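# Inside the fold
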Amino acid sequence: MSEKVTGSEALMRSLESEGVTTLFGYPGGAIMPVYDALYDHRDTLNHVLVRHEQGAVHAAQGYARVSGKVGCVVATSGPGAMNTITGIADAMIDSTPIVVICGQVGAALLGTDAFQEVDVIGVTQPITKWAYQIRRPEDVAWAVSRAFYIAKSGRPGPVVLDFTKNAQTAEVEYEPAKVDFIRSYVPVPELDDYTIKQAADMINASEKPFVLVGQGVELGDACQELKTLLEKAQIPAGCTLLGLSALPSDHSLNMGMLGMHGNLACNVKTNECDLLIAIGMRFDDRVTGNLNTYAKQAKIIHFDIDPSEINKNVKVDLAVLGNCKETLNAVTALVKENKHQEWVDSFKPYAEKEYDKVTRKALSPTEGPLLMSEIARKVSEATNNEAILVTDVGQNQMFSCKYFKYTHPHSVITSGGCGTMGFGLPAAIGATYGAPERTVCMFTGDGGLQMTIQELGTIMEQGSPVKIILLNNKFLGNVRQWQYLFFNKRYSFTPMVNPDFEMIAQAYSIPSRTVILREDLDDAIREMLETDGAFLLQCVVKEEDNVLPMTPPGANVDEMILEIE
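Before going into details, it helps to say that this report is about the structure given with it. Keep in mind the model is a prediction, meaning the values are calculated, not measured. (Residues numbered from 1 in each chain as written. Predicted model: local features only at pLDDT ≥ 70, side-chain atom pairs only at ≥ 80, totals over all residues. Heavy atoms only, no water.)

Here we take up the overall build of the protein. What the protein contains, in helices and strands, is 24 helices and 20 strands. Relative to the 2.2 N^0.38 estimate, which gives 24 Å for 565 residues, the radius of gyration of the protein is 24 Å and therefore close to what a compact globule would have. Structurally, the protein occupies a C-alpha span of about 70 × 60 × 40 Å along its principal axes. For the protein, the residues scored as buried account for 59% of the 565 residues in total. Expressed as a percentage of contacts within the protein between residues at least 6 apart in sequence, the contacts between residues at least 24 apart total 77%. Of the accessible surface of the protein, which amounts to about 22700 Å², a share of 50% is contributed by carbon and sulfur atoms. Counting 48 positive and 70 negative side-chain charges, the protein places the averaged centre of each group 4 Å from the other. (Helix = DSSP H or I, 4+ residues; strand = E, 2+ residues; numbered from the N terminus. Rg over C-alpha atoms; globule rule 2.2 N^0.38 Å. Buried < 20%, exposed > 50% of the residue type's maximum accessible area, 1.4 Å probe, protein only. Contact = heavy atoms within 4.5 Å. Areas by Shrake-Rupley, 256 points an atom, 1.4 Å probe, with all protein chains shown as cover. Lys, Arg positive; Asp, Glu negative; His and termini not counted. Charge placed at Lys NZ, Arg CZ, Asp CG, Glu CD.)

The structure is reproduced here in structure tokens:
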């Protein structure tokens, strides 16, 4: 028998019906009835009070990326809703499933410029999979179920529900809803047997195949299927930034990272292979470099769940549409066992060249200031290469993603397509809720940390066990590197005057330590990892270090800078 409840209570029950256990949010006037209803559901819905709505969305992203579930955000109208926009855009381009529920003025006041009224639907439609305004309590259960279905099905992404105040307070006879079909929405294209056979034939005929591994492999839960294909046909692979943990770092066929700051061998071989097999990636400009010269010698197969990505940036010879867990399994069944030993071995000279010119100095410096690269590798090794890496954006991101090592899927959480500074700290908080059994190490720079530094308050209140590694070079390091290379070393507003970060950590009751000398680093990392709860490890690093190798913007993908004078 249905029961008459308010729209806010219907929301609580609908969230529970979707399996939600954690919410990230911040209350306000237009969402107050929802928070009043939440008060009675504290045993089943754990609400994490952030310090800024942007932090709520990034935390939900971190939660979703490590757990495979939908992250959930609650915010108020007007400025509260607008503060979520950056995170929503970030989630859209990085295919992260989240549902953002915003308060809104009453339906009778819409369009009157009422207090804290903003056209949330108009603003968010271009950066969401679906944005919907709930104006009646009768629509709550249906809208919530539809929102979660859209967010997590097919290519995942963000959904926004704009919840008018009258719909929150009016009563309705609540009945659970279950949406698992939407007319004209085809989240997973139907498997095409002919295309599968074509892909297998192309792989069997190839002498120099190369696989590009994107985040879609993890989103499709296809990491084992990927390994099976690679091992059966002995195909080398390179990973995008977001796809780094889809394949263990120590796998014999993992040749490293693709793109602007990727590994030399991967980029050179992209322009030497005879078959390029892209799986769950979107040919971002940071991966391709100059499109006019990108892999022109190769035939290209593109595995993807989203038809809109096919031929968007790179024209391909064959599109294999569908969830890559299913399509990879089908193709592998038709692929012949093979050995491409000479081709696989041809990557080694380039890896050795990069090691001699870049990696050796990056990991084993004998003098001078600490380097971001050596810190990342030491932290990774101290966790037995099993930690979750969360990064902010900039040089800290590139160095840590390159030099961290990955053993398990869902182990690198970073802002890829948007490159959102301030992402790291709140995303790491969310990751501790999404995978509470794992160690979460968050690398950040002094610039990015200060963009969402207020979330230290969330850590203090919630006891989130985030290990914060602050790589302090007193610069906006990535911009400074570009100014050094392309703007005649004119450091326009990139040097930073920073506060005492240890004192700030102390104010938030977070243990901390600062390391300047190389001989103190191992002990400091041990102290950080052995400390219960959160810890801030500030490493004072070389001020003008550069991320290498690097493909300059607009250059061919294989034209990489290995040394800078």
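Moving on: the layout of surface pockets. Here the second largest pocket defines a volume of roughly 620 Å³. In this structure, the second largest pocket is lined by 24 residues; those nearest its centre are Asn254, Met255, Gly256, Asn263 and Lys405. For the lining of the second largest pocket, the leading source of residues is helix α16 (residues 348-363), giving six residues. Class assignment of the residues belonging to the lining of the second largest pocket gives a composition of 12 nonpolar, six polar and six charged. (1 Å grid on protein atoms, 1.4 Å probe; cavity = no way out; pocket = protein on both sides within 12 Å on 5 of 7 lines; lining within 4 Å. Points joined across faces, edges and corners; volume = space filled by probe spheres on them. Nonpolar A, V, L, I, M, F, W, Y, C, P; charged D, E, K, R; others polar.)

Looking now at the environment of Phe148. As for its placement among the helices and strands, Phe148 is situated in helix α7 (residues 140-152). Judged by relative accessible area, Phe148 falls into the buried class, the value being 2%. In this structure Phe148 touches Leu15, Glu18, Val20, Val70, Cys72 and Val99, once residues within four positions along its chain are discounted.

Inspection of the entire model under this criterion finds 14 aromatic pairs. Judged by centre distance (5.9 Å) and plane angle (85°), the rings of Trp130 and Trp142 are edge-to-face. A residue pair is termed long-range when its members are at least 10 positions apart, and Trp130 in strand β6 (residues 130-134) and Trp142 in helix α7 qualify at 12 residues. Its relative accessible area of 13% is what places Trp130 among the buried residues. Here Trp142 falls in the partly exposed class, since its relative accessible area comes to 33%. Judged by centre distance (5.4 Å) and plane angle (55°), the ring pair of Phe210 and Phe347 falls under tilted. Of this pair, Phe210 sits in strand β9 (residues 209-213) while Phe347 is found in the loop between α15 (341-345) and α16, placing the two residues 137 residues apart along the sequence. There is no split in this pair, since Phe210 and Phe347 are both buried. (Phe/Tyr/Trp six-rings, centres within 6.5 Å; stacked < 30°, edge-to-face > 60°.)

Once that is clear, we can look at helix α9 (residues 193-205). Compared with the 18 Å implied by 1.5 Å per residue over 13 residues, the 18 Å span of α9 between its first and last C-alpha is a close match. Within α9 the residues assigned to the buried category are Thr195, Ile196, Ala199, Ala200, Met202 and Ile203. An end-on view of α9 places all buried positions within 160° of arc, on one side of the element. Among the exposed residues of α9, those pointing more than 90 degrees away from its buried face are Asp193, Tyr194 and Ala205. Buried residues along α9 sit in contact with β12 (275-279), β13 (299-304), β14 (318-321) and α14 (324-334). (Expected span 1.5 Å × (residues − 1). Arc of directions from axis to C-beta.)

Oppositely charged side chains are able to pair whenever their charged atoms sit close together. This structure, assessed with the given rule, holds 22 salt bridges. Residue Glu225 is joined to Lys325 by a salt bridge in which the shortest nitrogen-to-oxygen separation is 3.1 Å. Residue Glu225 is located in helix α11 (residues 223-233), and its partner Lys325 is located in helix α14; the two are separated by 100 residues in the primary sequence. Overall, Glu225 belongs to the buried group, its relative accessible area being 16%. Salt-bridge contacts for Lys402 lead to Glu354; the nearest nitrogen and oxygen are separated by 4.0 Å. (Salt bridge = Lys/Arg side-chain N within 4 Å of Asp/Glu carboxyl O.)

On to the pairing of strand β2 (residues 22-25), then. A two-sided burial pattern is seen for β2, the buried positions comprising Thr22 and Phe24 on one face and Leu23 and Gly25 on the other. Across four bridges, the pairing between β2 and strand β3 (residues 46-49) is parallel. Paired with Gly25 across the bridge in β3 is Leu49. In terms of handedness, the path from β2 via helix α2 (residues 32-38) over to β3 forms a crossover that is right-handed. For β2 and strand β4 (residues 71-75), the ladder comprises two bridges, and the chain directions are parallel. Its bridge partner lying in β4, Gly25 is registered against Val74. (Pairing = 2+ DSSP bridges. Right-handed = clockwise from strand over helix to strand, strands pointing away.)

Right, let's get into unusual backbone geometry. Cis geometry marks the peptide bond from Leu548 to Pro549; its omega dihedral reads -5°. Within the element layout of this structure, Pro549 appears in the segment after β20 (535-540). The backbone phi angle of Asn385 is positive, close to 60°, even though this residue is not glycine. The exposure class of Asn385 is partly exposed, given its relative accessible area of 21%.

Turning next to the pairing of strand β15 (residues 388-391). Burial along β15 is two-sided: Ile388 and Val390 facing one way and Leu389 and Thr391 facing the other are all buried. Two strands pair when backbone bridges link them, and β15 and strand β17 (residues 440-445) are joined in this way by four bridges, in the parallel orientation. Residue Leu389 lies in a different strand from β17, and its bridge partner there is Cys441. With two bridges connecting them, β15 and strand β16 (residues 412-413) associate as parallel partners.

With their axes 9 Å apart at the nearest point, helix α1 (residues 7-17) and α7 run at an angle of 35° to one another. Crossing handedness for the pair α1 and α7: right-handed. Two secondary-structure elements touch here, α1 through Gly7, Ala10, Leu11, Ser14 and Leu15 and α7 through Val140, Ala141, Val144 and Phe148. Considering only residue class, the contact of α1 with α7 consists of seven nonpolar, two polar and no charged. (Axes fitted to C-alpha atoms, helices over the stretch in contact; angles between N-to-C directions. Left-handed = near helix turned anticlockwise from the far one by under 90°.)

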